[in-house]
Amino acid sequence: MAKTKEEPKRRGSRLVEQLPRPRKKKTRSRPGAPPGTIRHDPALGRPRLDVIGYGPEGFEEADVSGPEELAGWMGRHAVLWINVVGLGDAEVVRAVGELAGVHKLALEDAVNVHQRPKCEAYGEDVFVVARMPHAGEALETEQLSVFVKPGLVVTFQERPEDTLGHVRDRLRRSSGRLRQTGSDYLAYAILDALVDGYFPVLDDYGERLEGIEDEMISAPTEASVQRLHQARRDLLTLRRAIWPLREAVSALLREPIAVIGEDTRLYLRDCYDHTIQIMDLVETYRELASGLMDIYLSSVSNRMNEVMKILTVIATIFIPLTFIAGVYGMNFDPALSPWSMPELRSPYGYPIVMGVMALLAVVMLLFFRRRGWLGGTQRPSDDR
C-alpha cells in the first residue's frame, strides 16, 4: 500500500508550504538547439512527484521518490494524476515525461517557464499552459503546464504553493462527480480552480484601488502614487496572463480534440465564461487606475492653482499699497512749493495714509470675495 503524503498547511483554499520562493529566471534553449531540448533552472528546486490515482475501485494518494517508483503506478487506476512540483532537474522531468508519454516539445515548454498561456494538440492528447497568480506586495504568476491523455493527467508547476487545494479535497472526499469521470474532467477541474483563483486576487486589488482613491481625493502623497503605479503594473501582469488563457480555454471548448469529451465541453463553457468575467474586471480596474492617476494630477494642479491664486491676491493687494508708500516716500520739501506734498506737514498725515491703505486692502478683499476669487460663491458674469 502506498504511503499517504503528509497534509501541508492550508491558507484559505490554497495549499501552502513555508518555503522561500526562488528567484525566477527565464531559461531558454540556446539558439539553434534541436526541438525538444530541455534547459532547466536549478533554482526551481529538485522535482517532487505527487501522485493521485482514482476510479471505481478506490482512491490512492502518495509522494513517490522518483520515476522508478512512479512506473508502478501506471495503469493501476482508471485515472492517474501526476503532479511534478519543481523543475530544477531536467533528467527527472525527462524521465517522467517519457514514462507518461508526454511529447518532447510539450516537455520543453513545461520546463521553460516563460511561456504564454496556450493550448496545443498532440494527436489525441492536449497540452495546456496557464499561469497561476500569487498575490503579495508585488504580483507574481507561476506557470502551470497540463498534459492530458486518456486516463492520465500530468501537471508541471514551479513551486508547491498553488490554487488546486479544492480539487485535491474533492478527490479525497469523493465530492461531486470528479471521481466518476475521466481525465478530461480532471483537467477541466484543474483549469477551473486556476481560473477561479484570479477572483480573490482581483477582489484584493479592488480594495486597494478604493483605498488609493480615498487618499487621492483627500490627501494625495508620493506613497499613494507609488502604490498606484505598482497596482497598474500588477494589473498589466494579470491582463497578460488571462487574455491568452481565455483563448486557450476557447480552443479546448471548440476545437475537435479527441481526449475532451462532449460532457466536459459543457463545463468548459462555464470556465470560459469565468475568464470573460475576469478579463472584464481587469480592464475595469485598469481604467480605474488610469482615472486615479488623472485625479492625482488634477488634484496637484488644483492645489497649485489655489496656491497661485492666494499669492496673486496678496500681490494684487500690495500693488496699490506699494504705490502709495512709494509716492509718500519721495520726501519733496513742502517749504519750497505748496505742491510738494503738503500732507507731510499735517499732524494726522501718517495715520490718514495708513488708514487709507488699510481701507483699500479691505475693500479689495471684499471685492475678491464677492467675485468668488477668494472663497465664497462666484457670481455669474454680467457680460451679455
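In short, a report on the structure. Values in this document were obtained by computation on a predicted structure and should not be read as measured data.

A closer look at the packing of aromatic side chains
Inspection of the entire model under this criterion finds six aromatic pairs. With a centroid separation of 6.3 Å and an interplanar angle of 45 degrees, the aromatic rings of Phe 127 and Phe 147 are classed as tilted. Highlighted residues: Phe 127 in strand S7 (residues 125-134) and Phe 147 in strand S8 (residues 140-149), separated in sequence by 20 residues. The exposure class of Phe 147 is buried, given its relative accessible area of 1%. Members of the aromatic cluster, each reached through a chain of ring pairs, are Tyr 122, Phe 127 and Phe 147. Sitting over the ring of Trp 73, Arg 76 keeps its end group 4.6 Å from the ring centre. Above the plane of the ring of Tyr 185 lies Arg 177, whose end atom (NZ or CZ) is 4.8 Å from the centre.

Describing empty space enclosed by the protein
Unfilled space is identified by rolling a water-sized probe across the atoms. In this structure the tally under the stated criterion is one cavity of 30 Å³ or more. Taken as a whole, the largest cavity holds about 50 Å³ of empty space. Elements that contribute at least two residues to the lining of the largest cavity include exactly S7, S8, helix H5 (183-196) and helix H8 (262-327). Element by element, the count of residues in the lining of the largest cavity is highest for H5, at four residues.

What about a nonpolar patch on the surface?
Together, Met 304, Val 307, Met 308, Ile 310, Leu 311, Ile 314 and Phe 318 give the surface a local cluster of nonpolar side chains, amounting to about 650 Å² of exposed area. Assignment of secondary structure puts Ile 310 in helix H8. We classify Ile 310 as partly exposed; its relative accessible area is 36%.

Some thoughts on the side chain of Glu 61
Within the secondary structure, Glu 61 sits in strand S4 (residues 58-64). Engagement of the side chain of Glu 61 in a polar contact is seen with the side chain of Arg 172, the distance being 2.9 Å.

Describing the packing of H5 against helix H6 (residues 198-218)
Put simply, H5 and H6 touch, their axes get as near as 4 Å, and they point 5 degrees apart. On the basis of the axis angle, H5 is roughly parallel to H6. Taken together, the residues of H6 that come into contact with H5 (itself represented by Leu 194, Val 195 and Asp 196) are Tyr 198, Phe 199 and Pro 200. Considering only residue class, the contact of H5 with H6 consists of five nonpolar, no polar and one charged.

Examining the sheet that holds S4
A sheet is described by the order of its strands in space; here seven strands give the open sequence S4-S3-S5-S9-S8-S7-S6, paired in mixed fashion. Both outer strands of the open sheet, S4 and strand S6 (118-122), are each paired with one neighbouring strand and no more. Averaged over all adjacent pairs, the angle separating strand axes in this sheet is 15 degrees, with direction ignored. Examined bridge by bridge, strand S3 (residues 48-55) and strand S5 (residues 79-85) share seven bridges and lie antiparallel to one another. What sits directly across from Gly 53, in S5, is Leu 80.

Rules behind the numbers
Residues numbered from 1 in each chain as written. Predicted model: local features only at pLDDT ≥ 70, side-chain atom pairs only at ≥ 80, totals over all residues. Heavy atoms only, no water. Phe/Tyr/Trp six-rings, centres within 6.5 Å; stacked < 30°, edge-to-face > 60°. Helix = DSSP H or I, 4+ residues; strand = E, 2+ residues; numbered from the N terminus. Buried < 20%, exposed > 50% of the residue type's maximum accessible area, 1.4 Å probe, protein only. Lys NZ or Arg CZ within 6 Å of the ring centre and 35° of its normal. 1 Å grid on protein atoms, 1.4 Å probe; cavity = no way out; pocket = protein on both sides within 12 Å on 5 of 7 lines; lining within 4 Å. Points joined across faces, edges and corners; volume = space filled by probe spheres on them. Patch = residues over 30% accessible without salt bridge, like charges linked within 9 Å, V, L, I, M, F, W, Y side chains within 5 Å. Areas by Shrake-Rupley, 256 points an atom, 1.4 Å probe, with all protein chains shown as cover. Salt bridge = Lys/Arg side-chain N within 4 Å of Asp/Glu carboxyl O. Polar contact = N/O pair within 3.5 Å; in protein donor to acceptor, adjacent residues only side chain to side chain. Axes fitted to C-alpha atoms, helices over the stretch in contact; angles between N-to-C directions. Parallel < 35°, antiparallel > 145°, perpendicular 65-115°, else oblique. Contact = heavy atoms within 4.5 Å. Nonpolar A, V, L, I, M, F, W, Y, C, P; charged D, E, K, R; others polar. Pairing = 2+ DSSP bridges.

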